[in-house]
Structure formats: structure tokens, C-alpha cells
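# Breakdown of the fold
Below, each chain spelled out in residue letters.
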Amino acid sequence: MRPNIITEAGIPTRLNQWWSSIPFITSGVVLICGVIYLLCLLIGYDSYAEICFLPSAVASHFQVYRFYTSVLFHGSLLHVLFNMLALVPLGTELERIMGSVRLLFLMFLLATTNAILHLTIAFLVAYNPLYPVPNLVNECSIGFSGVIFSMIVIETSLSGVQSRSVFGLFNVPAKWYAWILLVLFQFLASNVSLLGHLCGILSGFAYTYGLFNYLLPGPSFYSKIEGLSALSVCVRRPGFIMCTGGTTYGQLPTYSNTSAAPSALINGNFLRNISSWMPSRHTATAQEGEDPRFPGRARTLGSAGTEPTAREASAHLHARLLDNTTPSDPLTNTQHTAVNTVRADATVTAEQVDTFDEELKKLVGMGFEKTQAEVALAAADGDPNVAIEILMSQQG
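## Quick look at the overall build of the protein chain
In terms of regular secondary structure, the protein chain is built from 19 helices and four strands. Within the span of the protein chain, comprising 396 residues, buried residues form 41% of the whole. For the protein chain, long-range pairs separated by at least 24 residues make up 72% of all intrachain contacts whose partners lie at least 6 apart in sequence. Surface summary for the protein chain: the accessible area is close to 22100 Å², and the carbon and sulfur share equals 63%.

Written out as C-alpha cells, the structure is:
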């Protein structure tokens, strides 16, 4: 009997497969936090007073850098391991939906808003006339868990599930999931920043309810970032997920959509089940139907599948372009065009033509030049995803 290669793979192979499945930004954050902790461990640095989030220091000396240094440093091995293991599934799912650049901006936005909320609440509680708690402004906080709590709220809202499992022990309503985790961590762990986690939850809800929409840039911003020559090495990485500059798949559901099955996110692969959460497609342009909070599915460079790769499609495109632009004999070219016309008339139905025109309009609406989009869509046999791959590779 032929051995099962997957089940008999060693631990190093499985770890390598697991790590290679993590997208670019998520794996980058894990590496940065891990390396920072190891360096602190090697040099014996254990005094975090200069880099932690300390409300009194931020207010008195305007040390805004603490907004971000406090997120990347961790106090113990269990601290960094737990946070990074929690980040991997959350970051992977959100990055595959939003794209790598968009997720990086989201993390930056959440770290900033968490710190501002933390600072505001700390001073309001510390100096309120009814029951002041002055020690709150001198509380030193570090760790990525505040951003993780924000991502938990966003991912739970995005999935549309009715209930979530708490450590596999029991299920709770999805809307209370983050709050229950907040209470459990306060009882199960020592030296946990209640205010830091609370501000993460508040920022997550503010994002899902659209309160940060005016802070979110448009699709062209992400496209320009991805087009920078300085970032070409990163963009070409297999785990880098592109933002397509707008989605043709409609809006993804948020907290208001409760039609998804409760176990869709837990029992199956997120990307396999995401199509069941999609609303029906409509004829509006991508810019009109896009939610800036949940912009839709991004695309991964170098992803495996049965569809033609970008390189193969690009080569096919070049061949088509050469056939159309450099005819050696006008008569031969005319005959070739006539043959193609007859062949197309014999095999393409009116419905397929309408579909082709619809997809072409959507590509033009995403900012691509009409002629290039038409050729790319023809080379991709009408598949808009492959056509986008071709157009993006041509621009690169």
C-alpha cells in the first residue's frame, strides 16, 4: 500500500508547511516581535520603562514613539508565544481578505487609536472627582495583545457567525466573545493590562461600525504603495497578497449579516466558506459597492491552483499581442482575422459576450486602460482574476 506522504511527514516538514501558509505581513510581525524578544534576552534588557506605554510619560514629554514600541516588545517567553500564536490565524484570515498593505495600515491604525483611547481613559479615570485612581497613569504596558483584541472584534464581525468557541470548552454568543475573553484573561493571568485590552476592544468596535472610515485611504493609495520600486522585492514574495484596487465581488458581510452558519468559520477553511457569505453580484462598479472597512478578497502572488499562472498568462498575452500588431502579410492577417471571427461566432454565445463586456467594464472601472484590459481578459479566457494578474504583471 502506498504510504501517505502527508500524514507521515516529519515535524520539520509540517512546521515548514505551516509557516509557508502564513501571509507576508502576518509572518513579518511574528518575526519582528520574536527577534526583538530574543535580542532583549541576549543582551539582558529587562527594563521596559523607556519603551512601554506609560500615559504619564506620553503626556508630560510627548513621547509618541511609545504608541508603537510598546506593541512590539514583550515581557516573557510565554507572553510573546501566546500573542503570536493568537495573531497567526487572525492575521492570516484578515490579510487574505484585505491584502498585505491594507492589513499593515490597519495594524498601524489600531495601534494608534488604542494608544489614544488608553491615554484618554487613563487620565479621565485618574483625575475624576468621584473616585480618582492616580496609579492608572503610571501603569507601564507592553505587548501586541491590544491590537489582537481589536482584530478579534473585526474578524468576529466580518465572519458573521452566531457563536464562538472559548478555548474549545464552551460556546458563547459572538457579540460577547471579546468581552468574555477580556474577563477570563483578567482572572487567569497576572499582570494583565485591563485598560490595554479594553481599548483594543473599543477600537475594534469603532472600526466595524465605520467610525474610522474617514481615516481609511482609497484603493488607489494601496495600489501606489504596491507599485513603488523600493517595495518590488516584497511584492514579489510568494506570501505577499495584493490589493486589487477594488473588488468586483460586492461587500463582505459585517455584524449585520447573520445568515451564515455558526460553524462556518470554525469547522472549515475560511477561504472555502467565504463564498457562502458573499451577497449576490450586482452591476454597480467596484468603487460604488466597496466598503472601506472590509474591501473584499485580495489576490495572492504565486498561489497554486488549476488556473494558468501569471507568467503563463503573460506569455500568452505577449503572443496574442505579437499576432495582432506585427502581421507579416496583410492578406494573411485578414484571412487569419476572418477565421478567428468565424470560429468565435460558432462557439461564443450571446450570453458569453455579455459576460465578457460586463467583466471588461469592471476592469475599466478599476482603473485599467480599456484596450489592455480587453486583450488581457481575452488572454485569460474571460476570467477576471487571471486578467488582473496579467495587467498587474504588465504594470510591474
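## What to know about the pattern of salt bridges
Within this structure, the stated rule accounts for one salt bridge. Taking the shortest distance from any N to any O, the salt bridge between Glu-155 and Arg-164 comes out at 3.1 Å. Here the two residues Glu-155 and Arg-164 agree in accessibility, since each one is buried.

## A few points about a nonpolar patch on the surface
Taken together, Ile-11, Leu-15, Trp-18, Trp-19, Leu-31, Leu-77, Leu-81 and Leu-85 make up a surface patch of nonpolar side chains, about 820 Å² in accessible area. Secondary-structure elements contributing two or more residues to the nonpolar patch are α1 (11-20) and α5 (77-98). When residues of the nonpolar patch are assigned to their parent elements, the largest contribution, four residues, is made by α1. Leu-85 gets classed as exposed once you look at its relative accessible area, which sits at 55%.

## Some points on the nonpolar core
With 42 residues, the main nonpolar core has Leu-87, Met-107, Phe-144, Met-151 and Tyr-207 as its most contacted residues. Only α2 (24-43), α5, α6 (100-126), α7 (145-159), α8 (177-188) and α9 (194-208) provide two or more residues apiece to this core. If we ignore the near neighbours within four places in the chain, the residues touching Met-107 are Ile-25, Val-29, Leu-87, Phe-144 and Met-151. Counting 21 residues, the second-largest nonpolar core is a separate cluster that includes Met-366, Leu-377, Leu-391 and Met-392.

## Thoughts on the packing of aromatic side chains
Taken as a whole and judged by the stated rule, the model has 15 aromatic pairs. A ring pair is formed by Phe-167 and Phe-185, whose centres lie 6.3 Å apart and whose planes are at 75 degrees; its orientation type is edge-to-face. Taken together, the residues Phe-167 in the loop between β1 (163-166) and β2 (170-173) and Phe-185 in helix α8 connect sequence positions 18 residues apart. Taking relative accessible area as the criterion, Phe-167 reaches 47% and is therefore assigned partly exposed. Among the aromatic residues, those joined into a ring-pair cluster are Phe-53, Phe-67, Tyr-68 and Phe-108. Its end group placed over the ring of Tyr-177, Arg-164 keeps NZ or CZ at 5.2 Å from the ring centre.

## Brief notes about the packing of α2 against α6
Across the interface, α2 lies against α6 with an axial gap of 8 Å and an inter-helix angle of 45 degrees. One finds that α2 runs oblique with respect to α6. Residue-level contacts link Phe-24, Ile-25, Thr-26 and Val-29 of α2 to Ser-100, Leu-103, Leu-104 and Met-107 of α6. Class assignment of the residues belonging to the contact of α2 with α6 gives a composition of six nonpolar, two polar and no charged.

## Brief notes about the pairing of β2
Strand direction decides the pairing type here: β1 and β2, joined by four bridges, are antiparallel. Looking across to β2, one finds that Val-166 is bridged to Phe-170. Hairpin connection, β1 to β2: the antiparallel pair is bridged by three residues, and Phe-167 has positive phi, about 55 degrees.

## Regarding the confidence of the model for the protein chain
When pLDDT is averaged along the protein chain, the result is 75; 69% of the residues meet or exceed 70. pLDDT under 50 marks residues 245-288. Its contacts with residues more than four places away, or in other chains, come to 80 contacts. Of the regions scoring below 50 in pLDDT, residues 321-348 engages in five contacts with residues more than four places distant in sequence or in other chains.

## Some points on α7
Over its 15 residues, α7 extends 21 Å from the first C-alpha to the last, a length consistent with the 21 Å expected when each residue adds 1.5 Å. Most of α7 sits out of view: 15 of its 15 residues are buried. Residue Gly-160 follows α7 closely and has a positive phi angle near 75 degrees.

## Re unusual backbone geometry
Phi is positive for Phe-62, close to 50 degrees, though the residue is something other than glycine. Structurally, the position occupied by Phe-62 is in the loop between α3 (55-61) and α4 (66-72). Owing to a relative accessible area of 66%, Phe-62 belongs among the exposed residues under this scheme. A positive phi is found at Phe-167, a non-glycine position, where the angle reads about 55 degrees.

## Some thoughts on the packing of α5 against α6
Interaxial distance between α5 and α6 falls to 7 Å at its minimum, and their mutual angle equals 125 degrees. Our classification of the angle between α5 and α6 gives oblique. Considering how the two elements wind past one another, α5 and α6 form a crossing that is right-handed. Of the residues in α6, those in contact with Leu-87, Gly-91, Leu-94, Glu-95 and Met-98 of α5 are Ser-100, Arg-102, Leu-103, Leu-106 and Met-107. Split into classes, the residues belonging to the contact of α5 with α6 amount to six nonpolar, two polar and two charged.

Definitions and cut-offs
- Each residue is numbered by its place in its chain's sequence as written, counting from 1.
- Side-chain atom pairs in this predicted model are given and counted only at pLDDT of 80 or more, local residue features only at pLDDT of at least 70, and totals for whole chains, interfaces and linings cover all residues.
- Note that the side-chain values use all heavy atoms of the structure and ignore hydrogens as well as water.
- Starting at the N terminus, helices and strands are each numbered in turn, a helix being any DSSP run of H or I of at least four residues and a strand any DSSP run of E of at least two.
- Relative accessibility thresholds used throughout: buried, under 20% of the residue-type maximum; exposed, over 50%; partly exposed, between the two (1.4 Å probe, protein chains only).
- Contacts are assigned to residue pairs that have any heavy atoms within 4.5 Å of one another.
- Here, Shrake-Rupley sampling with a 1.4 Å probe gives the accessible areas, and only protein chains in the shown set may cover a residue.
- Salt bridge, as used here, is a side-chain nitrogen of Lys or Arg placed within 4 Å of a carboxyl oxygen of Asp or Glu.
- To count toward a patch, a residue needs a relative accessible area over 30% and no salt bridge; like charges are then connected within 9 Å, while nonpolar side chains (Val, Leu, Ile, Met, Phe, Trp, Tyr) are connected within 5 Å.
- To form a nonpolar core, buried Ala, Val, Leu, Ile, Met, Phe, Trp, Tyr and Cys residues must be joined to one another through side-chain atoms within 4.5 Å.
- Side-chain rings of Phe, Tyr and Trp, where Trp is taken by its six-membered ring, are said to pair if the distance between their centres is within 6.5 Å; with planes under 30 degrees apart they count as stacked, over 60 as edge-to-face, and otherwise as tilted.
- Remark: a charge is flagged as sitting over a ring if the NZ atom of Lys or the CZ atom of Arg is within 6 Å of the ring centre and within 35 degrees of the ring normal.
- Fitted lines through C-alpha atoms give the axes, limited to the stretch in contact for helices. The angle between two N-to-C directions lies from 0 to 180 degrees.
- An angle below 35 degrees is treated as roughly parallel, one above 145 as roughly antiparallel, one from 65 to 115 as roughly perpendicular, and anything else as oblique.
- Each residue is assigned to one class: nonpolar for Ala, Val, Leu, Ile, Met, Phe, Trp, Tyr, Cys and Pro, charged for Asp, Glu, Lys and Arg, and polar for all the others, Gly among them.
- Strand pairing is defined by DSSP finding a minimum of two bridges between the two strands.
- How sure the predictor is of each residue is captured by pLDDT, a score from 0 to 100.
- Here the expected span of a helix is defined as 1.5 Å times the quantity of residues minus one.
- In a left-handed crossing the near helix is turned counterclockwise from the far helix by less than a right angle, and in a right-handed crossing that turn is clockwise.

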